[in-house]
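In case you want the letters, here they are:
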Amino acid sequence: MAKEHFGGIPKILYEGPQSRRALAFRHYDPAQVIDGRTLSEHLRFSVAFWHSFRGTGTDVFGSGTIFRPWESGNDPLAVAQARLDAAFEFNVKMQAPFWCFHDRDIAPEGNTLRETNRLLDILVAQAKALQRDTGVRLLWGTANLFSHPRYMSGAATNPDAGVFAHAAAQVKKALEVTLELGGDNYVFWGGREGYETLLNTDLKREQAHLAAFLHMAVEYAAEIGFTGQFLIEPKPKEPTKHQYDFDVAAGIAFLRTHGLDKYFKFNIETNHATLAGHTFQHEIETAAAHGLLGSVDANTGDAQLGWDTDQFNTDVRELTVAMMSILRAGGLGRGGLNFDAKLRRPSIDPEDLFHAHIGGFDAYALAFKIARQVVADGVFEKFVAQRYASYDSGVGRDIAARRTSFRELEQVALTAGEPVPRSGKQEYLENLLMQYVHGERR
Ligand code: XUL
Ligand code: CO
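Residues numbered from 1 in each chain as written. Chains lettered and ligands numbered in written order. Predicted model: local features only at pLDDT ≥ 70, side-chain atom pairs only at ≥ 80, totals over all residues. Heavy atoms only, no water.

Colleague: Please set out the packing of aromatic side chains residue by residue, giving values where relevant.
Modeller: This model, assessed by the stated rule, comprises 31 aromatic pairs. Between tyrosine 186 and phenylalanine 188, the aromatic rings sit 5.1 Å apart at their centres with planes inclined by 65°, giving edge-to-face as the arrangement. For tyrosine 186, a relative accessible area of 0% corresponds to the buried category. On the numbers, 6.0 Å between centres and 65° between planes, the contact of phenylalanine 226 with phenylalanine 230 is edge-to-face. Taken as a pair, phenylalanine 226 and phenylalanine 230 share a single burial class, namely buried. Pairwise contacts between aromatic rings join Phe6, Phe49, Phe53, Trp70, Phe88, Phe90, Trp99, Phe101 and Phe354 into one cluster. (Phe/Tyr/Trp six-rings, centres within 6.5 Å; stacked < 30°, edge-to-face > 60°. Buried < 20%, exposed > 50% of the residue type's maximum accessible area, 1.4 Å probe, protein only.)

As structure tokens, this is what we get:
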């Protein structure tokens, strides 16, 4: 790295929960070994290039508020190169082992696809060198199929096959660069894959086209030797009124219907879950129940605003229950925790980028440690097992094994009489969880 961009900000170090220094970790000790792996390896934190290095604080009512010194040049290529250097410096100072990007985040667009690809190659070569020099790795790559006006009516679901072809060419190239950079995953988020009104939309046809697109991506990946995991990132709406990858359940139905479930898993984003009317944990459990939990976009929304605010999440209770589900599912494997989160509009200092990620990293690290303890103690697991124990033997086991019938069960009901009601003990269990979250049981 040629020059320091975040001058005056040192590498962020672990100082323990008693530390009162703002630029320090209180829970994230990357080198701490837990169950034979470092915390860094367990959590696989990733910085989202688009928010942290392309976000300017714009909203629908106002232009950018956040200006970084490297953004001031006149040559878009030189600016992109300085920006990429700054991003890797940030990853290193944050001790974040991974980064994620969209193709159009890192390189400017040219006048033609050919020229755009050439510019992308320049930045990819630089990224490859930076990865080698810093040890930072690519968690996933993706293509931006939503910002350019050509995608206003969708990419793979566009009514114009010419736009579909352009999107295919873009993903082809994005797969090549993700392979070049050794990405562990490749993500599809379909921000414009949906519709505004059914008055002009053939829903069934669009979904079939989307499936064809994904099949071609799988085929091309095999052709070039990309062995990373494909991920679908569900979101119910925004920017489109209705998006086809509404939530994990809708995603599973889509993947199964089109024979894609063996190639894809899910990248679950906290605020996308809540926009769909679910909890973060619900989406994780649903994916895990089908063996399709892939990765996480770590952020949160705002209970009052109700749109995709992409905030840094410091709600340790929410993250603890999510982590409980992730750990029970066996972890995220080659996925990770990508901080798809951005600074608030008035948070304009470079230092704010550090505060934001420190809070997010610490909250997840703490939640991981608490959840690990919860799962090891097994009190909730024991309670749940007990609650379903009637299915472990007798008629319950026959039901689970589909060895009985309505006729037989009618006899059971007639002879056994009214079942004895049992408390679900939700409040008791919530108190128990509170004891873990507040450190009384560690
Ligand atoms: C949009 C979103 C995207 C995806 C990648 O809500 O989450 O940034 O993560 O395209
Ligand atoms: Co996301």
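Colleague: Break down the coordination of the cobalt ion (ligand 2) for me, citing the residues and quoting the values.
Modeller: A metal bound by six donors in octahedral fashion has ideal angles of 90 or 180 degrees, whereas one bound by four tetrahedral donors has an ideal angle of 109.5 degrees. Within the first shell, the cobalt ion (ligand 2) binds the protein through Glu233 (OE), Glu269 (OE), Asp297 (OD) and Asp340 (OD), at distances of 1.9 to 2.1 Å. With six donor atoms in place around the cobalt ion (ligand 2) and angles of 79 to 172° between them, the coordination shape is octahedral. Read in sequence order, the donor residues for the cobalt ion (ligand 2) give the motif E-x35-E-x27-D-x42-D. Placement of glutamate 233 in the loop between β8 (229-232) and β9 (242-243) and of aspartate 297 in strand β11 (residues 293-297) is noted, with a sequence separation of 64 residues between them. The residues glutamate 233 and aspartate 297 share a single accessibility class, namely buried. (Donors = N, O, S within 2.8 Å, 3.2 Å for Na, K, Ca; no water. Tetrahedral: all angles 85-135°; square planar, octahedral: opposite > 155°, others 65-115°. Helix = DSSP H or I, 4+ residues; strand = E, 2+ residues; numbered from the N terminus.)

Colleague: Which residues make up the sheet that holds strand β6 (residues 185-188), and what values go with them?
Modeller: Sheet architecture is closed into a barrel: eight strands sit in the order β3-β4-β5-β6-β8-β10-β11-β12, paired in parallel fashion. Going from strand to strand, the sheet's axes swing by 30° on average, the running direction of each strand aside. This element, helix α6 (residues 161-180), spans β4 (98-102), β5 (137-142), β6 and β8 of the sheet and lies at about 155° to β6. (Pairing = 2+ DSSP bridges. Axes fitted to C-alpha atoms, helices over the stretch in contact; angles between N-to-C directions. Contact = heavy atoms within 4.5 Å.)

Colleague: Would you mind going over unusual backbone geometry in detail, with residue names and values included?
Modeller: Between glutamate 238 and proline 239 the backbone carries a cis peptide bond, its omega angle lying at 10°. Turning to its location among the elements, proline 239 is positioned in the loop between β8 and β9. One non-glycine residue, glutamine 95, lies in positive phi territory at about 55°. Turning to its location among the elements, glutamine 95 is positioned in the loop between α3 (76-94) and β4.

Colleague: Residue-level account of the site of ligand 1, with values.
Modeller: In the region of ligand 1, the neighbouring residues are Trp50, His102, Trp140, Trp189, Glu233, Lys235, Glu269, His272, Asp297, Asp308 and Asp340. One of the side-chain nitrogen or oxygen atoms of histidine 272 is found 2.9 Å away from an oxygen atom of ligand 1. Here aspartate 308 contributes a side-chain N or O atom positioned 3.1 Å from an oxygen atom of ligand 1. Relative to its unbound accessible surface of 300 Å², ligand 1 loses 93% to contact with the protein. Taken together, the residues of the shell around ligand 1 sort by class into three nonpolar, two polar and six charged. (Near = heavy atom within 4 Å. Polar contact = N/O pair within 3.5 Å; in protein donor to acceptor, adjacent residues only side chain to side chain. Areas by Shrake-Rupley, 256 points an atom, 1.4 Å probe, with all protein chains shown as cover. Nonpolar A, V, L, I, M, F, W, Y, C, P; charged D, E, K, R; others polar.)

Colleague: Talk me through the environment of glycine 8; I want residue IDs and the actual numbers.
Modeller: Here glycine 8 lies in the segment before β1 (33-34). In this structure glycine 8 comes out as exposed when scored by relative accessible area, which is 76%. Sequence separation between glycine 8 and glutamate 351 is 343 residues; the distance between their C-alpha atoms is 9.5 Å.

Colleague: Could you give an account of helix α16 (residues 426-437), naming the residues involved and the relevant values?
Modeller: For α16, which comprises 12 residues, the first-to-last C-alpha distance of 16 Å matches the rise-based estimate of 16 Å (1.5 Å per residue) to within 8%. Every buried residue of α16 is accounted for by Leu429, Leu432, Leu433, Tyr436 and Val437. Each buried residue of α16 sits inside an arc of 140° when the element is viewed along its axis, so together they form one side. Taken from the residues just after α16, glycine 439 is the one with a positive phi, measuring 80°. (Expected span 1.5 Å × (residues − 1). Arc of directions from axis to C-beta.)

Colleague: Please provide a residue-by-residue account of the environment of serine 63, values included.
Modeller: Within the secondary structure, serine 63 is located in the loop between α2 (49-54) and α3. Considered as a pair, serine 63 and arginine 345 are 282 residues apart in the sequence and their alpha carbons are 9.8 Å apart.

Colleague: Can you lay out the pattern of salt bridges for me, pointing to particular residues and giving the numbers?
Modeller: Enumeration according to the criterion identifies 19 salt bridges in this entry. As a salt-bridge pair, lysine 93 and glutamate 4 come within 2.6 Å of each other at their nearest N and O atoms. With a gap of 89 residues between them, lysine 93 in helix α3 and glutamate 4 in the segment before β1 connect regions that are remote in the sequence. We classify glutamate 4 as partly exposed; its relative accessible area is 49%. Aspartate 121 serves as the salt-bridge partner of lysine 173, at 2.7 Å between the closest nitrogen and oxygen. Pair noted here: lysine 173 is in helix α6 and aspartate 121 is in helix α5 (residues 113-134), with a separation of 52 residues, a long-range link. Bridged by salt links that share partners, the residues Glu4, Glu89 and Lys93 form one connected network. (Salt bridge = Lys/Arg side-chain N within 4 Å of Asp/Glu carboxyl O.)

Colleague: Which residues make up α3, and what are the values?
Modeller: Taking 1.5 Å per residue as the helical rise, α3 with its 19 residues ought to reach 27 Å, and the 26 Å between its terminal C-alpha atoms agrees with that figure. Extensive coverage of α3 is indicated by the burial of 14 of its 19 residues. For α3, the N-terminal cap is aspartate 75; the gap from its side-chain oxygen to the backbone nitrogen of leucine 77 is 3.0 Å.

Colleague: A description of the side chain of histidine 357 should follow, citing residues and the corresponding values.
Modeller: Along the polypeptide, histidine 357 turns up in helix α12 (residues 350-377). Using a relative accessible area of 0% as the deciding quantity, one classes histidine 357 as buried. There is a polar contact of 2.9 Å between the side chain of histidine 357 and the backbone oxygen of leucine 353. Discounting chain neighbours no more than four positions away, the residues touching histidine 357 are Val47, Ser52, Phe90, Met94, Phe312 and Phe339.

In short, geometric facts, not functional conclusions.
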